[in-house]
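An overview of the molecular structure
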Amino acid sequence: MAKYLLQRIASALLVLFLVVSLTFVLMHSIPGGPFSREKQVPPAVLINLEERYHMNDPLSKQYIDYMKNVAQFNLGPTFRYEGRTVNDLIKDGLPKTATIGFIATIFALGGGLLLGTIAALWHNKTPDTLATFIATIGVSVPSFVMATFLQYYLGYKLGLFPPVGWNNGAFKNLVLPSIALGAFPIAQITRLMRTSMLDVLSQDYIRTAKSKGLPGYVIIGRHAMRNALLPVITYLGPFFAYILTGNFIVEFVFGIPGIGQFFVTSITNRDYSTIMGMTVLFCSLLVVFNLLVDIAYTFIDPRIKLTGQKGA
Amino acid sequence: MKLAQNLFEPAKSQISAEHINRPSTTMLQDAWRRFKKNKLAMAGLITLASLILFAFIGPYLIKYNYYTNDLMNQYLNPSWIHPFGTDALGRDTMARLMYGGQVSLAIGFVSVLINLSIGVFYGGISGYFGGRIDNLMMRIIDIIYSVPDLLYVILLMVVMGKGGLLNIMIVLGIVNWMGMARIVRGQILTLREQEYVLASRTLGASTSRLMLKHLIPNAMGPIIITSALAIPSAIFMEAFLSFIGIGIQPPFASWGSLAAEGRLNIPSYPYALFFPAAAIAITMLAFNFVGDGLRDAFDPKMRK
């Protein structure tokens, strides 16, 4: 276990190093610097700007400096928000993004597992059709359209929830963004859970449990669901990636000043240091999360032996 | 009980038992036969065909084009003259939808063609040679995979400059090939151990012949399924790019950019969002049904 952990952490660090380098190279290969806009900046000002952001240093020095800073969790200044660093933006935005992501996760996991189980229990009956229908809508409507429809109809027309704003994290402000964010994963999880539940329900041990005379909720809860969960856990990695990137849109539509919105604005503003910093942040979060998911496997499914993996 | 003598006569064999009565079918014919029986998949296929006709033949049948402004007729509600209404500059929404459909569908097909070529090539090499090469190549994929593709797409789009159609196709194509490569590699890895490959190799077939004649054709099922399911996700991703402003730029349009434009004034004119969104959703559904149908048609486990 310890050996595996070390290996995984080493490879995670390697991934991060490569991603940071790649981002650096990409961002510095864009034709025109970050200060070239439609309105020309006077040359003297440009020189000053470059001096201030150390952009006249040789590229190799810039790269090493950036790497050093990133290693100390310092993502540098922003080019567009005067006097603020990328770290400031993250400090401001990350709690908001995390809150919405967390609620959306509960909503998607809870809802998806429930819908999938219901669909499997009433296979080919009305609840199944209904759950499949919801799942199909969830994967076939782009999230920004979904978010806009929710915002307009539930928020604006019916006035059930505030259509925009963060409002210091009041729960009613979080409902619509979380639903919009969870719509796609809830559909995926429902489909996964339905298939794996159908598979498990036809197993011998379920029949044994039934013939022992166990009550239905014990059979479903203790024997069927726990075994059916495995494919869903495999999906958690991509799921978390989706929650992170899906947040770009949801925060933008609902006007929530989280890191997703900062990222989208930094793209349109060509704020390269922020784009870079955010990319590094997203990747680090993902890599850490994937590591956690992998470790969680061992506890959930004892059949998986991490040390016995191929090549190890 | 008396047994009649004639019960013990040998059966007359007029037809040789070895004779195959039905014409032999290829894998594709087989799959198509099963696919035809799947109603949902057929509905998806017909929907797709109509969408393609709508996008590519439609513009010749209506009298409006996608770029001419008509400032006297802004924001018209759907009517017989403009079946889907008009937009902020008085352009006919149906004409723009048709044009946007061309762009969206082209992006879907071409980018998947690119990712298919890269994926089959990469996965084929990795699976065929196996061993250390395979290990290294799959490690690289693992690394690329651990970052969400959306981030790459955004970074590359920022680097390549805003949304030319070709840029979008290339970026989406070079970002999404890892899944395909993994699937092809897995297929090749099992296929290359089969007896007919051994037989062919014994007869002196070259590597390229083995690849092109035996391995890749036999891996075709999963390749087709993956492609069918990759097209809608490419269309989705383009919609996302258009939404954050680095996709197709006006006056050109895609379904994604039309929907992104439309959502800006949804309180006063919801049609501008509704129609492109519906077009995207219908395409998604159709592709997913076709993809699922293909999976059932190609999956040997489903054979009855």
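Residues numbered from 1 in each chain as written. Chains lettered and ligands numbered in written order. Predicted model: local features only at pLDDT ≥ 70, side-chain atom pairs only at ≥ 80, totals over all residues. Heavy atoms only, no water.

**Comments concerning the overall build of chain B**
Helix and strand counts for chain B come out as 13 helices and zero strands. Each helix (α) and strand (β) of chain B, taken in turn from the N terminus, gives the series α-α-α-α-α-α-α-α-α-α-α-α-α. Sorting the 304 residues of chain B into buried and exposed places 46% on the buried side. A sequence separation of at least 24 residues applies to 71% of the contacts in chain B between residues at least 6 apart. Accessible surface, chain B as shown: approximately 16300 Å² in total, 65% of it carbon and sulfur. (Helix = DSSP H or I, 4+ residues; strand = E, 2+ residues; numbered from the N terminus. Buried < 20%, exposed > 50% of the residue type's maximum accessible area, 1.4 Å probe, protein only. Contact = heavy atoms within 4.5 Å. Areas by Shrake-Rupley, 256 points an atom, 1.4 Å probe, with all protein chains shown as cover.)

**A look at the packing of helix α2 (residues 39-56) of chain B against helix α4 (residues 93-129) of chain B**
Residues and elements named next belong to chain B. Where α2 contacts α4, the two axes come as close as 7 Å, and the packing angle between them is 115°. As α2 packs across α4, the resulting crossing turns out to be left-handed. Of α4, the residues touching α2 (which contributes L51, I52, F54, A55 and F56) are M94, L97, M98, G101, Q102 and L105. Residues belonging to the contact of α2 with α4 are distributed by class as follows: nine nonpolar, two polar and no charged. (Axes fitted to C-alpha atoms, helices over the stretch in contact; angles between N-to-C directions. Left-handed = near helix turned anticlockwise from the far one by under 90°. Nonpolar A, V, L, I, M, F, W, Y, C, P; charged D, E, K, R; others polar.)

**Things to note about the pattern of salt bridges**
All names here are of chain A. One pass over the structure, following the stated rule, counts six salt bridges over all chains. A salt bridge links K61 to D65; the nearest nitrogen and oxygen atoms lie 3.1 Å apart. A residue pair is termed a helical-turn pair when its members lie 3 or 4 positions apart in one helix, as K61 and D65 do in helix α3 (residues 59-71) at four residues. For D128, the salt bridge goes to R194, with nearest N and O atoms at 2.8 Å. (Salt bridge = Lys/Arg side-chain N within 4 Å of Asp/Glu carboxyl O.)

**Remarks on the packing of aromatic side chains**
Geometry of an aromatic ring pair is reported as the spacing of the ring centres plus the angle between the planes. Residue and element names in this part refer to chain A. This model, assessed by the stated rule, comprises 18 aromatic pairs over all chains. Between F24 and Y66, the aromatic rings sit 6.0 Å apart at their centres with planes inclined by 40°, giving tilted as the arrangement. A residue pair is termed long-range when its members are at least 10 positions apart, and F24 in helix α1 (residues 2-28) and Y66 in helix α3 qualify at 42 residues. Neither residue differs from the other here; F24 and Y66 are each classed as buried. (Phe/Tyr/Trp six-rings, centres within 6.5 Å; stacked < 30°, edge-to-face > 60°.)

**Considering the packing of helix α5 (residues 126-140) of chain A against helix α7 (residues 171-201) of chain A**
Residue and element names in this part refer to chain A. Where α5 meets α7, the axes come as close as 7 Å, and the angle between the chain directions of the two elements is 135°. For the element pair α5 / α7, the angle class is oblique. Note that α5 runs across α7; the crossing there is left-handed. Residues D128, A131, T132, A135, G138 and V139 of α5 touch α7, and the partners they reach there are A183, F184, A187, Q188, T190, R191 and R194. For the contact of α5 with α7, the per-class residue count stands at six nonpolar, four polar and three charged. (Parallel < 35°, antiparallel > 145°, perpendicular 65-115°, else oblique.)

**Looking at the interface of chain B and chain A**
Between chain B and chain A, the contact holds 34 residues from the first and 43 residues from the second. Both sides together, the interface formed by chain B and chain A hides about 3300 Å², and carbon and sulfur atoms give 82% of it. Linking chain B to chain A there are one salt bridge. The closest approach of N and O atoms between A:R191 and B:D292, which form a salt bridge, is 3.8 Å. Counting the contacts that link chain B with chain A gives zero residue pairs in polar contact (both at pLDDT 80 or more). When contributions to the side of chain B that touches chain A are tallied by element, the ones reaching two or more residues are α6 (149-160), α11 (220-243), α12 (255-262) and α13 (271-298) of chain B. Considering every element that reaches the side of chain B that touches chain A, the biggest residue donor is α13(B), with nine residues. (Buried area = accessible area lost by both parts, 1.4 Å probe. Polar contact = N/O pair within 3.5 Å; in protein donor to acceptor, adjacent residues only side chain to side chain.)

**Concerning empty space enclosed by the protein**
One pass over the full model with this rule turns up one cavity of 30 Å³ or more. Reported here for the largest cavity is a volume of approximately 40 Å³. If you go around the largest cavity, the residues you meet are A:V19, A:L22, A:T23, A:T279, B:V147, B:L151, B:Y152 and B:L155. Only α1 of chain A together with α6 of chain B provide two or more residues apiece to the lining of the largest cavity. (1 Å grid on protein atoms, 1.4 Å probe; cavity = no way out; pocket = protein on both sides within 12 Å on 5 of 7 lines; lining within 4 Å. Points joined across faces, edges and corners; volume = space filled by probe spheres on them.)

**What about the side chain of B:S200?**
Counting through the fold element by element, B:S200 comes out in helix α9 (residues 195-202). Judged by relative accessible area, which is 9%, B:S200 ranks as buried.

**Brief notes about helix α8 (residues 177-191) of chain B**
Residue and element names in this part refer to chain B. Here α8 spans 21 Å end to end across 15 residues, near enough to the 21 Å set by a 1.5 Å rise per residue. Those residues of α8 not exposed but buried are W177, M178, M180, A181, V184, R185, I188 and L191. The buried residues of α8 occupy an angular sector of 155° when the element is viewed end-on, so they sit on one face. In the core, the buried residues of α8 are packed alongside α4, α5 (131-145), α7 (165-175), α9, α10 (207-218) and α11. (Expected span 1.5 Å × (residues − 1). Arc of directions from axis to C-beta.)

**Re a nonpolar patch on the surface**
Residues and elements named next belong to chain B. Judged by side-chain polarity, I52, L53, F56, I57, Y60, L61, F109 and V110 come together as a nonpolar surface patch covering roughly 800 Å² of accessible area. When residues of the nonpolar patch are traced back to their parent elements, those giving at least two are α2, α3 (58-61) and α4. The biggest single contributor to the nonpolar patch is α2, with three residues. Looking at the secondary structure, you find L53 in helix α2. (Patch = residues over 30% accessible without salt bridge, like charges linked within 9 Å, V, L, I, M, F, W, Y side chains within 5 Å.)

**Some remarks on the environment of A:T234**
Along the chain, A:T234 falls in helix α9 (residues 216-254). A C-alpha to C-alpha distance of 32 Å links A:T234 and A:Q151, two positions 83 residues apart in sequence.

**Comments concerning the nonpolar core**
In terms of nonpolar packing, the biggest core is built from 141 residues, with A:M27, A:F263 and B:I154 touching the most fellow members. In terms of residue count, the dominant contributor to this core is α9(A) (18 residues). Excluding anything up to four places from it in sequence, B:I154 contacts A:F248, A:F263, A:I267, B:F240, B:I244 and B:I246. Counting 14 residues, the second-largest nonpolar core is a separate cluster that includes B:V120, B:L191, B:V197 and B:A205. (Core = buried A, V, L, I, M, F, W, Y, C linked by side-chain atoms within 4.5 Å.)

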